[in-house]
Amino acid sequence: MREAAISPYVFNAERSAGRVRLTGYYPDQRAHNDIVAAARARFGGDAIDDQLQQGRGAPNDYMNAVNGGLTNLARLMTGSFALNNTSTTLKGEATNEQVAVQTRQSFTGSQPGGYRSQHEITFRPAPPPP
């Protein structure tokens, strides 16, 4: 008997305190290897906590959405990227306003056509002049 497709098909990456936690699903071993390799490359010295599971039912362009999410999450000090079927969300804190603006634009442009993306990216305001 063939395994049923997972619905909703989710993927999550959470970055905080030098650690990136990956949860949710990947469609096949090649995708899993690519995701973990991408996380290691993008998050440098952060520890990768891989809790992903294999499951059927990934949406079209899943890997493009995940890659775009990880790339932009890496630009943030802390935050999360979430995929739920064809909806994606990037949340987090940037080092400054310029990085926040660039990350919002980059994330929106990185998500595949047909995906609905949203972001909630904040930044630390500059300290007042002395």
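The shown structure was predicted, so the numbers you read here are calculated from the model rather than taken from an experiment.

Caption draft 1: Region of the structure containing the pattern of salt bridges. Taken as a whole and judged by the stated rule, the model has 4 salt bridges. When the shortest N-O distance is used, the salt bridge between Glu14 and Arg21 registers 3.7 Å. A residue is classified by how much of its surface remains accessible, and Glu14, at 38% relative accessible area, is partly exposed. According to the relative accessible area criterion, Arg21 is partly exposed, its value standing at 27%. Among the salt bridges present, the one from Asp46 reaches Arg15, with a minimum N-O distance of 2.7 Å. Taken together, the residues Asp46 in the loop between α1 (29-42) and β3 (47-50) and Arg15 in strand β1 (residues 10-16) connect sequence positions 31 residues apart. A residue is classified by how much of its surface remains accessible, and Asp46, at 16% relative accessible area, is buried.

Caption draft 2: Summary view of the packing of helix α2 (residues 62-73) against helix α3 (residues 97-110). Following both chains from N to C, one finds α2 and α3 inclined at 170 degrees, their axes separated by 9 Å at the closest point. As judged from the angle between their axes, α2 and α3 are roughly antiparallel. Between α2 and α3, the contacting residues are Asn64, Gly68, Gly69 and Asn72 on the first element and Thr103, Ser106, Phe107 and Ser110 on the second. Taken together, the residues that form the contact of α2 with α3 break down as 1 nonpolar, 7 polar and no charged.

Caption draft 3: Broad picture of the side chain of Arg15. Classification of Arg15 as buried rests on a relative accessible area of 15%. Here Ala74 takes part through its backbone oxygen, which lies 3.0 Å from a polar atom of the side chain of Arg15. Of the polar contacts made by the side chain of Arg15, one reaches the backbone oxygen of Leu76; its length is 2.8 Å. Excluding anything up to four places from it in sequence, Arg15 contacts Val20, Phe43, Asp46, Leu73, Ala74, Leu76, Met77, Thr78 and Gly79.

Caption draft 4: Representation of α1 in the model. The end-to-end C-alpha distance of α1 is 20 Å, a good match for the 20 Å that 14 residues give at a rise of 1.5 Å each. When we look at burial in α1, the residues that qualify are Ala31, His32, Ile35, Val36, Ala38 and Ala39. The buried residues of α1 occupy an angular sector of 160 degrees when the element is viewed end-on, so they sit on one face. Away from the buried face of α1 by more than 90 degrees, exposed residues Arg30, Arg40 and Ala41 are located. On its buried face, α1 sits against β1, β2 (19-26), β3 and α2.

The rules behind the values
Residues numbered from 1 in each chain as written. Predicted model: local features only at pLDDT ≥ 70, side-chain atom pairs only at ≥ 80, totals over all residues. Heavy atoms only, no water. Salt bridge = Lys/Arg side-chain N within 4 Å of Asp/Glu carboxyl O. Buried < 20%, exposed > 50% of the residue type's maximum accessible area, 1.4 Å probe, protein only. Helix = DSSP H or I, 4+ residues; strand = E, 2+ residues; numbered from the N terminus. Axes fitted to C-alpha atoms, helices over the stretch in contact; angles between N-to-C directions. Parallel < 35°, antiparallel > 145°, perpendicular 65-115°, else oblique. Contact = heavy atoms within 4.5 Å. Nonpolar A, V, L, I, M, F, W, Y, C, P; charged D, E, K, R; others polar. Polar contact = N/O pair within 3.5 Å; in protein donor to acceptor, adjacent residues only side chain to side chain. Expected span 1.5 Å × (residues − 1). Arc of directions from axis to C-beta.

By themselves these figures say nothing about function.
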